[in-house]
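# Results of the structural survey
These are the residues of each chain, in order.
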Amino acid sequence: MSKVNNTETMQPEVQEASATPAMKLDVHVRPIAPVNNLLGFANVTINDSFVVEGFRICSGEKGLYVNMPSTKDGDNWRDTFKPITAEARRQLTGAILDGYGLAIERMQATLDASRGAAERPSVADALKDNADKVKNQPVKAAGKAEQSR
């Protein structure tokens, strides 16, 4: 066993604080019809290695926020997953809220498209209208080329 002699400085080694590296976060959001302040749920895959389920997206007086997954412990609720650093919390909640915004935009686009489809005639209606137009067209006399057939 080797022993490191650190008597010259007599100072503990200090690692420089560095910015928290960005995590790869894949977010799956499921918006719901609001129940009190609950707007949706999210699951997050972190660095293609861990899946955390049960995030709750809520609204409050100051805007949207994310509740961490939790479980009931007696009479109290206890978070079962929580970021340790403020930067990790910002990355996580930011990704979840961005995912919620995108999910709402997709839902709105789907609603807009379905409303537009309801205003357009259906294919069956268009075919029927076209068939009625064809029936009402005057019949042309057959030309010499068609008579010889």
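Preceding this paragraph is the structure being described.
First, a word on scope: everything that follows refers to the structure included in this document. Fair warning: this is a prediction, and the values are worked out from it, not measured in the lab. (Residues numbered from 1 in each chain as written. Predicted model: local features only at pLDDT ≥ 70, side-chain atom pairs only at ≥ 80, totals over all residues. Heavy atoms only, no water.)

### Things to note about the overall build of the protein chain
For the protein chain, the count of helices and strands is three helices and six strands. Considering the protein chain as a whole, with its 149 residues, one finds that 17% of them fall into the buried category. A separation threshold of at least 6 residues defines the contact pool for the protein chain, and within that pool the share at least 24 residues apart is 32%. Carbon and sulfur atoms provide 53% of the accessible area of the protein chain, an area that totals close to 12500 Å². (Helix = DSSP H or I, 4+ residues; strand = E, 2+ residues; numbered from the N terminus. Buried < 20%, exposed > 50% of the residue type's maximum accessible area, 1.4 Å probe, protein only. Contact = heavy atoms within 4.5 Å. Areas by Shrake-Rupley, 256 points an atom, 1.4 Å probe, with all protein chains shown as cover.)

### Considering the pairing of strand β1 (residues 25-35)
Successive side chains on a regular strand alternate, one facing one side of the sheet and the next facing the other. The pairing of β1 with strand β2 (residues 38-46) spans eight bridges and is antiparallel. Bridging across to β2, V27 finds its partner in V44. Counting the residues that bridge the hairpin from β1 to β2 gives two residues, and of these N36 lies at a positive phi of roughly 55°. (Pairing = 2+ DSSP bridges.)

### What to know about the packing of aromatic side chains
Two descriptors summarise a pair of aromatic rings, namely the distance from one centre to the other and the angle between the planes of the rings. Counted by the stated rule, this structure contains one aromatic pair. Judged by centre distance (5.8 Å) and plane angle (85°), the ring pair of F55 and F81 falls under edge-to-face. Of this pair, F55 sits in strand β3 (residues 50-60) while F81 sits in the loop between β6 (76-79) and α1 (86-119); the two residues are 26 residues apart in sequence, bridging distant segments of the chain. Among the residues examined, F55 registers a relative accessible area of 0% and is labelled buried. (Phe/Tyr/Trp six-rings, centres within 6.5 Å; stacked < 30°, edge-to-face > 60°.)

### Remarks on the pairing of β3
When β2 meets β3, the two strands line up antiparallel, connected through eight bridges. By the bridge assignment, V44 is partnered in β3 with V52. Linking two consecutive strands that pair antiparallel, namely β2 and β3, is a turn of three residues; a positive phi of about 50° is found at N47 within it. In this structure, the hairpin formed by β3 and strand β4 (residues 63-67) is closed by a connection of two residues.

### What about the environment of N43?
Along the chain, N43 falls in strand β2. The spacing of N43 and D26 is 17 residues in sequence and 8.4 Å in space, taken between C-alpha atoms. Not counting chain neighbours up to four residues away, the residues in contact with N43 comprise D26, V27, H28, V52, E53 and G54.

### Observations regarding the sheet that holds β3
In space, the four strands of this open sheet follow the order β1-β2-β3-β4, with antiparallel pairing throughout. In this open sheet, the two strands that pair with only one neighbour each are β1 and β4. Averaged over all pairs of adjacent strands, the angle between their axes in this sheet comes to 25°, without regard to strand direction. When β3 meets β4, the two strands line up antiparallel, connected through five bridges. Opposite G60, over in β4, you have G63 as the bridge partner. (Axes fitted to C-alpha atoms, helices over the stretch in contact; angles between N-to-C directions.)

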